[in-house]
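Geometric and topological summary
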Amino acid sequence: MDFPVAEPIVRALKERADHPIFGYTRVSPGLYESIINRLDAKFGWKIEKEWIVITPGVMPAVNTSVVAFTSPGDLVALQSPVYPPFWSSISGNGREVAANRLKLTGGRHEIDFKDLESKFRGHKARAMILCSPHNPGGRVWSKEELVRMGEIVISSGGVMIADEILCELVMKGYSHTPFAAISKEFAMNSVTCFAPSKTFNVPGFHTSVAIIPNEELRQKFDKARGRIMGSPCLFGLVAMEAAFKYGDEWLSQAIDYIEGNIDYATEFFENSVPEIVPMRPEGTYLIWLDCRGLGLKPEELKPFFVEEARVGLNDGITFGAGGEGFMR
């Protein structure tokens, strides 16, 4: 983001820096309390302290989940186009991607449930990585969509690995539903990963949360994490607690600011570059641009934007099938 983080976060970090011991630490009771209270206040999701695992970033937690809940050679479902590191979290750990390509309908992403079902019933996928809200398209999945996905995955014996890092960056008129909050069955067959990093502009601290209600899955996760991740950042723990306790006023202003940017960008493309059609996000601070109207080949887009338009964007090709001709 292009503005400073919330003052309560800065203040908490300064106060901690005044204590000149920066060794290993335990998670404070206050941080656990802040996580429990925030999920309840924001989403009505009541969790237990024992379900919480502090991790050094969401992607380490996703990688750990893939290793913990699947075996080499297993299929893991992924909805494409999607955040590029998810692809390597599957293939890089010796598993195979079962791509459930999203449909582009009326300028927004929709789920191909028939194809998703075939990945689990026919091809025997063992897990799914869910990006909720979705990156790059900005879809905030409805409860009904989440229920259909969950029923497909869980009835087939699969585990849902839900990346909900952008769950608090939701635009007005939309609401995020945590996958595991839908039912006890969903909770017991899932891991939910989230963090304050994107929402509160503190990604440099590499500190996140995994919520794992199922004790057996939690034990598998703990066993696998020792081979993949280290300890979370001491200052990240401080920043997380401060953000969750005192960051709401700042976040409200940030969302207003983001919505203003979305309005500005949408109007700009409509009036000045109608060949580029933005997908208006329901959540996240990202905009997925349909650039196919420019008449360029997918591999020509990035050089065009950098060398001629003088704008550095993320190349849609890197997001997998369905990303060709788009930029983020």
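Preceding block: the structure.
So, here's what we can say about the structure. Throughout this document, residue positions are counted from 1 along each chain, in the order its sequence is written. This being a predicted model, a pLDDT of at least 70 is required before a residue's local features are given, and a value of 80 or more before pairs of side-chain atoms are given or counted; all residues contribute to the totals for chains, interfaces and linings. Computation of side-chain values covers all heavy atoms of the structure but excludes hydrogens and water.

1. Some details on the overall build of the protein chain
Selection criterion: Put simply, DSSP marks the helices as runs of H or I at least four residues long and the strands as runs of E at least two long, and each gets a number from the N terminus on. Contact criterion: two residues are considered in contact whenever any of their non-hydrogen atoms come within 4.5 Å of each other. Accessibility throughout is a Shrake-Rupley quantity obtained with a 1.4 Å probe, and a residue counts as covered only by protein chains that appear here. Neither His nor the chain termini are counted; the positive set is Lys and Arg, and the negative set is Asp and Glu. Here the site of a charge means atom NZ of a Lys, CZ of an Arg, CG of an Asp or CD of a Glu.
Helix and strand counts for the protein chain come out as 11 helices and 12 strands. With respect to the three principal axes, the spread of C-alpha positions in the protein chain is 55 × 50 × 35 Å. At a minimum sequence separation of 6, the contacts of the protein chain that also span at least 24 residues come to 71%. Carbon and sulfur atoms form 51% of the exposed surface of the protein chain, whose accessible area is close to 15,100 Å². Of the side chains in the protein chain, 35 bear a positive and 41 a negative charge, and the two mean positions are spaced by 6 Å.

2. Remarks on unusual backbone geometry
For the bond running from Ser80 to Pro81, omega is 0°, close enough to zero to count as cis. Position of Pro81 relative to the elements: it lies in the loop between β2 (75-80) and α4 (85-91). In the Ramachandran plot, Asn201 falls in the positive-phi region, its phi being about 65° despite a non-glycine side chain. Here His206, not a glycine, exhibits a phi torsion of approximately 50°, which is positive. With respect to the secondary-structure elements, His206 resides in the loop between β8 (190-194) and β9 (208-211).

3. A few points about helix α1 (residues 7-17)
What counts, and what does not: Three exposure classes are used, based on accessible area relative to the maximum for each residue type with a 1.4 Å probe and protein chains only: buried under 20%, partly exposed in between, and exposed over 50%. By arc we mean the arc of the directions from the helix axis to the C-beta atoms, nothing more.
What α1 keeps buried is the set Pro8, Ile9, Ala12 and Leu13. Seen from one end, α1 has its buried residues packed into an arc of 135°, which puts them on one side. Relative to its buried face, α1 has exposed residues pointing more than 90 degrees away, namely Lys14 and Glu15. As for α1, its buried residues are in contact with α9 (234-246).

4. Things to note about the pairing of β2
Basically, it comes down to this: Pairing between strands is defined by DSSP: at least two bridges between them are needed.
With 6 of 6 residues buried, β2 is to be regarded as a mostly interior element. Two elements, β2 and strand β3 (residues 96-101), share 6 bridges in a ladder whose sense is parallel. Bridging across to β3, Leu75 finds its partner in Glu96. As judged from the 3 bridges shared by β2 and strand β6 (residues 127-131), these two strands associate in the parallel manner. Looking at the pairing, Leu78 lines up with Ile129 of β6.

5. A short note on the pairing of β8
By the criterion of burial, β8 is predominantly enclosed, with 5 of the 5 residues buried. Burial of β8 is two-sided: the residues Ser190, Thr192 and Phe194 facing one way and the residues Val191 and Cys193 facing the other way are all buried. In this sheet, β8 lies alongside strand β7 (residues 159-163) in parallel orientation, the contact comprising 4 bridges. Pairing of Ala162 across the sheet is with Thr192, part of β8. Pairing between β8 and β9: 3 bridges, direction antiparallel.

6. Description of the nonpolar core
Put simply, the test is: By nonpolar core we mean a set of buried residues, namely Ala, Val, Leu, Ile, Met, Phe, Trp, Tyr and Cys, connected to one another through side-chain atoms within 4.5 Å.
By size, the foremost hydrophobic cluster in this structure holds 75 residues, and its most contacted members are Ile9, Ile35, Ile129 and Ile211. Counting 22 residues, the second-largest nonpolar core is a separate cluster that includes Leu75, Leu116, Phe120 and Ile152.

7. Topic: helix α10 (residues 248-272)
Structural remark: α-helix, 3.6 residues per turn; residues separated by three or four positions point the same way. We apply this condition: Multiplying 1.5 Å by the helix residue count minus one yields the expected span of that helix.
With 25 residues, α10 ought to run about 36 Å at 1.5 Å a step, and its terminal C-alpha atoms sit 36 Å apart, in line with that. For α10, the complete set of buried residues consists of Trp250, Leu251, Ala254, Ile255, Ile258, Glu259, Ile262, Ala265 and Phe269. Contact partners of the buried residues in α10: α2 (29-43), β10 (277-279) and β11 (288-290).

8. What to know about the sheet that holds β10
Overall, antiparallel pairing links the 3 strands, which are arranged β10-β11-β12 in an open sheet. Taken across any chain shown, the strands that pair with only one partner, and hence form the sheet edges, are β10 and β12 (326-327). Two strands pair when backbone bridges link them, and β11 and β12 are joined in this way by 2 bridges, in the antiparallel orientation. Looking at the pairing, Asp290 lines up with Phe326 of β12.

9. Remarks on the side chain of Ser132
Position of Ser132 among the secondary structure elements: in the loop between β6 and α6 (143-155). Exposure remark for Ser132: the relative accessible area of 2% places this residue in the buried category. Apart from the residues lying within four places of it in its own chain, the contact partners of Ser132 are Trp141, Leu146, Asp163, Glu164 and His176.

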